[in-house]
There are 2 protein chains.
Amino acid sequence: MKKKSLFTLLALGLSAVHAGEVPPAPNGLELPEGYRDWRIISISHRIDNHTLRMILGNDIAIEAARKGQTNPWPDGAILGKVVWKEKPEDHWKKAIAPDRFVHAEFMYKDSKRFADNGTGWGWARWVGREQKPYGKGPNFAQECIACHTPVKGQDWVFTRPALMP
Amino acid sequence: MKKKSLFTLLALGLSAVHAGEVPPAPNGLELPEGYRDWRIISISHRIDNHTLRMILGNDIAIEAARKGQTNPWPDGAILGKVVWKEKPEDHWKKAIAPDRFVHAEFMYKDSKRFADNGTGWGWARWVGREQKPYGKGPNFAQECIACHTPVKGQDWVFTRPALMP
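I will try to describe carefully the structure that is included in this document.

Criteria and thresholds
Residues numbered from 1 in each chain as written. Chains lettered and ligands numbered in written order. Predicted model: local features only at pLDDT ≥ 70, side-chain atom pairs only at ≥ 80, totals over all residues. Helix = DSSP H or I, 4+ residues; strand = E, 2+ residues; numbered from the N terminus. Buried ≥ 20, exposed ≤ 12 C-beta atoms within 10 Å, placed from the backbone. Contact = placed C-beta atoms within 7 Å. Nonpolar A, V, L, I, M, F, W, Y, C, P; charged D, E, K, R; others polar. Pairing = 2+ DSSP bridges. Core = buried A, V, L, I, M, F, W, Y, C linked by C-beta atoms within 7 Å. Least-squares fit on C-alpha atoms with pLDDT ≥ 70 in both. Arc of directions from axis to C-beta.

## Describing the overall build of chain A
The helix and strand inventory of chain A stands at three helices and six strands. The N-to-C order of helical and strand elements in chain A reads α-β-β-α-β-β-β-β-α. Within chain A, the proportion of its 165 residues that are buried is 36%. Across chain A, contacts joining residues at least 24 apart in sequence account for 52% of those joining residues at least 6 apart.

Written as structure tokens, this is what we have:
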């Protein structure tokens, strides 16, 4: 009985964390609920900083990706990039696999709401397993935008969808 | 009107392909329907053969992965590995991204049904965008099993789940 109560408390505690205890980004954007259950758009391996990445999308983003409607992406699309440090697979050293979780970052498309920053996207990142909001002050996203400027011509998104038959 | 009819025919044609026109593997296993919508377990980059991989799972597999119940994986779990050739991202050359689709391969856990091959898993692969079944004869999976023998001690699966907070 005692064991069950402890388990229940633990379960409540965990679900509380997932139900909105993660603080918003400095620009007010909230961590998208349930992003762990999103479907996948592509993956990448950055050999410059030794990280592996999954690029996920909400339903609107997945539909757009599959229809090839990604320049521009539709309003309502959210893209998530989930990043891990790399390590060799234990039993296949020439396969590079995820190690420690680094951060999850998101782009929220809303061409009206985010017209002011010149991209039509909202930008946010949460760092580490403790999901600490990244950035200081509401204009931190200028750093994101600077880095994404090379892909201004493809609606500010590096990723091209990797489609499956 | 004519345009619509053509579109309808095309749509019917496409859905027919997805509703079971992919031939089964030589051992009788069927391509899991809807695998493109599965959630993701991990990713990897094989630098020996220059491919990027997404490892997906059906609902039973995802639940097991999140609970850490993967040695053994539960009966009913299906793991999918979707493979692309690699290429540098157009606008970030140090990011390696998917290029041409290579194949999708699956492991089906059923400790009774697949007891005979000594692994408790069924094995199958479909090659190319045309989804051609891989292998000759019902025993082709010995090739899969030989390659997975280094991970016999972790229920024949290389992948360790990459969890998200």
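Let us keep going from here.
## Thoughts on the interface of chain B and chain A
Between chain B and chain A, the residue contacts involve 33 residues of the former and 33 residues of the latter. Those elements giving two or more residues to the side of chain B that touches chain A turn out to be β1 (39-46), β2 (51-57), β3 (78-89) and β4 (92-109) of chain B. Per-element accounting of the side of chain B that touches chain A gives the leading share, eight residues, to β4 of chain B. Among the residues forming the side of chain B that touches chain A, the class breakdown is 20 nonpolar, five polar and eight charged. Direction of pairing for strand β4 (residues 92-109) of chain A relative to β1 of chain B: antiparallel, over a ladder of two bridges. Residue pairing in the sheet places I96 of chain A in a bridge with H45 of chain B of β1 of chain B.

## Concerning the nonpolar core
The nonpolar side chains of a soluble globular protein tend to be buried with one another. If you look at the biggest cluster of nonpolar residues, it comprises 76 residues, and the most contacted ones within it are L79 of chain A together with L79 of chain B. Considering every element that reaches this core, the biggest residue donor is β4 of chain A, with seven residues. Apart from residues no more than four positions distant in its own chain, L79 of chain B is found in contact with I41, I55, G57, A61, F106, M107 and V157 of chain B.

## Description of the relation of the copies chain B and chain A
Each of the two chain copies can be brought onto the other by rotation about an axis and movement along it. Here chain B sits on chain A after a turn of 180° about the axis and a move of 0.0 Å along it, with an RMSD of 0.0 Å. Such a combination of turn and shift is consistent with a two-fold rotation axis. Relative to the rotation axis, the C-alpha of R39 of chain B is the closest in chain B, positioned 2.8 Å from it. Comparing interface residues between copies, 100% of those in chain B also lie at the interface in chain A; the contact surface is shared.

## With respect to the environment of K85 of chain A
Residue and element names in this part refer to chain A. By the secondary structure assignment, K85 is in strand β3 (residues 78-89). Judged by local crowding, K85 falls into the partly exposed class, with 13 C-beta atoms found within 10 Å. Sequence spacing of K85 and N49 is 36 residues, and the spatial spacing of their C-alpha atoms is 8.4 Å. Beyond its immediate stretch of four places on either side in the chain, K85 contacts H50, T51, D99, R100 and V102.

## Considerations on helix α2 (residues 59-67) of chain A
Residue and element names in this part refer to chain A. Looking at α2, one finds that the buried residues are A61, A64 and A65. Taken end-on, α2 shows its buried residues confined to a sector of 100°, consistent with a single buried face. For α2, the exposed residues lying more than 90 degrees away from the buried face are D59 and K67. Residues of α2 that are buried make contact with β1 (39-46), β2 (51-57) and β3. Positive backbone phi, at 75°, marks G68, one or two positions downstream of α2.

## Here we look at the pairing of strand β5 (residues 121-127) of chain B
Residues and elements named next belong to chain B. With six of seven residues buried, β5 lies mostly within the body of the structure. Taken together, the two bridges between β5 and strand β6 (residues 132-133) define a ladder with antiparallel strand orientation. Its bridge partner being in β6, W126 is matched across the sheet by P133. From the end of β5 to the start of β6, which pair antiparallel, there are four residues, and G128 there has a positive phi angle of about 75°.

## Thoughts on the pairing of β3 of chain B
For a regular strand, side chains alternate in direction, first toward one face of the sheet and then toward the other. Residues and elements named next belong to chain B. For β2 and β3, the ladder comprises seven bridges, and the chain directions are antiparallel. Bridging from a neighbouring strand, L52 pairs with W84 of β3. Strand direction decides the pairing type here: β3 and β4, joined by eleven bridges, are antiparallel. Looking across to β4, one finds that I78 is bridged to Y108.

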